[in-house]
Amino acid sequence: MTMLLTDWMLYSLWIVLGFMALDFLAGLYKSLRTSKFSPSLILDYLQDMLYYVLPLLLLASLSALDKTGWLVSVGYYVGALGLVLKYLLSLKSKL
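First things first, this report covers the structure right here in the doc. It should be emphasised that the depicted structure is a prediction, and the values quoted were computed from it without experimental measurement.

So, about unusual backbone geometry. Phi is positive for serine 35, close to 60°, though the residue is something other than glycine. Residue placement: serine 35 occurs in the loop between helix 1 (7-33) and helix 2 (40-62).

So, in structure tokens, the structure goes:
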């Protein structure tokens, strides 16, 4: 099974990973500022990669098997939008 990432899928994946990185950096800054650094900060983002980004990549690879041509793509974009909103709210709470 090959991965089929269209341009918009790739851009949305970059946006999701960018917001993950911003959230990670905000959390790292906050934990270093309060001197409460713990390894769970890094492990949480590894878990997010497994729970959130991997399913997006699986949806992207399933889009080649979609007979309608839009059903799996809509699920991909809704998932990406949900992740962006999740990390925006997380950033808002950290700042």
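Let's pick the thread back up.
Put simply, helix 1 and helix 3 (residues 71-94) touch, their axes get as near as 9 Å, and they point 20° apart. Of the possible angle classes, the one that applies to helix 1 and helix 3 is roughly parallel. The way helix 1 lies across helix 3 gives a crossing that is left-handed. Broken down by class, the residue content of the contact of helix 1 with helix 3 amounts to 17 nonpolar, five polar and three charged.

The subject of this paragraph is the packing of helix 2 against helix 3. Close contact between helix 2 and helix 3 brings their axes to 8 Å; oriented N to C, the two are set at 160°. It follows from the interaxial angle that helix 2 and helix 3 lie roughly antiparallel. Between helix 2 and helix 3 the crossing geometry is left-handed. In this structure, helix 2 contributes Tyr45, Asp48, Tyr52, Leu56, Leu59, Ala60 and Leu62 to the contact, and helix 3 contributes Val72, Gly75, Tyr76, Gly79, Ala80, Leu83, Lys86, Tyr87 and Lys94. Of the residues belonging to the contact of helix 2 with helix 3, the class tally is eleven nonpolar, two polar and three charged.

What counts, and at which threshold
- Residues numbered from 1 in each chain as written.
- Predicted model: local features only at pLDDT ≥ 70, side-chain atom pairs only at ≥ 80, totals over all residues.
- Heavy atoms only, no water.
- Helix = DSSP H or I, 4+ residues; strand = E, 2+ residues; numbered from the N terminus.
- Axes fitted to C-alpha atoms, helices over the stretch in contact; angles between N-to-C directions.
- Parallel < 35°, antiparallel > 145°, perpendicular 65-115°, else oblique.
- Left-handed = near helix turned anticlockwise from the far one by under 90°.
- Nonpolar A, V, L, I, M, F, W, Y, C, P; charged D, E, K, R; others polar.
- Contact = heavy atoms within 4.5 Å.

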